[in-house]
Amino acid sequence: MSATSGDRLERLLDDVRVLKDIEAIKRVKHAYFRCLDTANWEELRELLHPQLQSKMVGGHYHLEFDNRDDYLEMLANSFNSEFVGQHTGHHPEIDILSETEATGKWYLADIAMSLRRQSTTVGTAIYTDKYLKTNGAWQIIDTGYFRIYETVTATPEPPDLSVHYLAEHGRRLPVS
Amino acid sequence: MSATSGDRLERLLDDVRVLKDIEAIKRVKHAYFRCLDTANWEELRELLHPQLQSKMVGGHYHLEFDNRDDYLEMLANSFNSEFVGQHTGHHPEIDILSETEATGKWYLADIAMSLRRQSTTVGTAIYTDKYLKTNGAWQIIDTGYFRIYETVTATPEPPDLSVHYLAEHGRRLPVS
Amino acid sequence: MSATSGDRLERLLDDVRVLKDIEAIKRVKHAYFRCLDTANWEELRELLHPQLQSKMVGGHYHLEFDNRDDYLEMLANSFNSEFVGQHTGHHPEIDILSETEATGKWYLADIAMSLRRQSTTVGTAIYTDKYLKTNGAWQIIDTGYFRIYETVTATPEPPDLSVHYLAEHGRRLPVS
């Protein structure tokens, strides 16, 4: 094998590793949103690094977490049986920094209906994430967003839900 | 060429085939949603395998089909000239099982306005698909979803449509 | 190196170039939508070719541009400090035509709230784009869409915005 074709093969191996890693990281975030809105905490846990750092800033909240367990506990309380969430992640811009480190930007569009609080929050946000590859699997180790816009609307009339997956699969809130 | 670089080339060929197939399958589903909301049944037909199995469960419907023709007939009746559809597929998670078989998960967000029935359905769902490569082209051979949530709202006032593509391109309903 | 494995390497190089270009072009459009809704004109400018052709047809507008500067000026006036935009691009179908030319289809879903005009426009559209690679970077050189549907709704009550990024980052409109 000539030096030249050897070099080309090395570059190819590198290019293909990067393409595979980009696809793998997209899948982590894609699975994250699927698990989030279906309250699938067991599968979602595996997508997050134990030392997860998180910082999300909205109009009426400023949430910070420095580990996966606290973050998951917040999610299970939020995506409860009296909640409906629609979280879609758009426009991934993934940068592979090394064989185990990457960053990503995403454009979130979300709708959050709280039947308990009789309130619906709608908005968009730009996520900035960091990913770490541990034991062969990519995980989110740092995540945060700032909002482009957010509206919070009182909804005293509950939405006319003909299907409500979280009613069965979300955590029961204590009776208030 | 040494055995080692030969092995690496084999692995590379396999990795690149998988990456190409993932992109090709995403395109099939992407074209599907474009054709759906524009009532382009001629192009959509080519995206489906003749033996398509389909099962979609909503709050007020449970639709099952076991062939492409019946499925297309249902679509043409649904996406009629008095209908507006917004169907976006998010968060693909594609697994290539072999050179001709694959599976996929998608997160659907949809809005369906029926001007005839004066009703708007909004919701999300998780799709599970199977894909088959036949004569060099991937097609959907099995598709189905369960809903995360769905609302059905009476809309006696028609939406103030300044553009309505299906009014011209959708099938005319019989006068009721 | 045998002729056969040399041929396979050539095909691989070509396949990987195409996969990298598809990902690079998706990123251009992804960054475009992020920059659009955050009024980041400096970064957005780099995503567009100086000879950009643009043609967008809605219910109450027919916008055509034949250069980047005029197009950017229109955007800066539209995405002003009394505006909220939510533009998400779905379902990319990218065709790489050569090492420097490509085309793409996208499915746009958009919400545009004008606080000044007390009006909200909602709809979807199919984009057809052309991309050109110049000095190693892909840029949009031709873009246009037709709408699937569009509604324009009077909103005399302003949306209850708890976050409004453009209020600070969008261009100030002259007092009317």
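Here we summarise the structure given alongside this text.

Thresholds, definitions, all that
Residues numbered from 1 in each chain as written. Chains lettered and ligands numbered in written order. Predicted model: local features only at pLDDT ≥ 70, side-chain atom pairs only at ≥ 80, totals over all residues. Heavy atoms only, no water. Buried < 20%, exposed > 50% of the residue type's maximum accessible area, 1.4 Å probe, protein only. Helix = DSSP H or I, 4+ residues; strand = E, 2+ residues; numbered from the N terminus. Pairing = 2+ DSSP bridges. Salt bridge = Lys/Arg side-chain N within 4 Å of Asp/Glu carboxyl O.

### Points about the pairing of strand S4 (residues 101-114) of chain A
Residues and elements named next belong to chain A.
Thought 1: Summarising burial for S4: 10 of the 14 residues are buried, a large majority.
Thought 2: Sheet analysis places strand S3 (residues 83-96) next to S4, joined by 12 bridges and oriented antiparallel. In the sheet register, Val 84 faces S4, and the bridge partner there is Met 113.
Thought 3: Hairpin remark: S3 followed by S4, antiparallel, with 4 residues in the connecting loop.
Thought 4: When S4 meets strand S5 (residues 119-134), the two strands line up antiparallel, connected through 14 bridges. Along S5, the bridge assignment pairs Met 113 with Thr 120.
Thought 5: Hairpin connection from S4 to S5: 4 residues lie between these consecutive antiparallel strands, with Gln 118 at a positive phi of about 50°.

### Structural notes on the environment of Ser 119 of chain A
Residue and element names in this part refer to chain A.
Thought 1: Examined against the element boundaries, Ser 119 turns out to sit in strand S5.
Thought 2: For Ser 119, a relative accessible area of 17% puts it in the buried group.
Thought 3: A C-alpha to C-alpha distance of 53 Å links Ser 119 and Arg 11, two positions 108 residues apart in sequence.

### Describing the pattern of salt bridges
Residues and elements named next belong to chain A.
Thought 1: Using the criterion set out here, one finds 48 salt bridges over all chains in the structure.
Thought 2: Note that Glu 82 and Arg 116 form a salt bridge whose closest N and O atoms lie 2.9 Å from each other. One end of the pair, Glu 82, is in the loop between helix H3 (68-78) and S3; the other, Arg 116, is in the loop between S4 and S5, with 34 residues separating them in the sequence.
Thought 3: You can call Glu 82 partly exposed: its relative accessible area is 22%.
Thought 4: Judged by relative accessible area, Arg 116 falls into the partly exposed class, the value being 30%.
Thought 5: The partner of Glu 150 in a salt bridge is Arg 147, and the shortest N-O contact between them spans 2.7 Å. With respect to burial, Glu 150 and Arg 147 carry one shared label: buried.
Thought 6: Through salt bridges with shared partners, a single ionic network connects Asp 14, Arg 17, Asp 21, Glu 99 and Lys 133.

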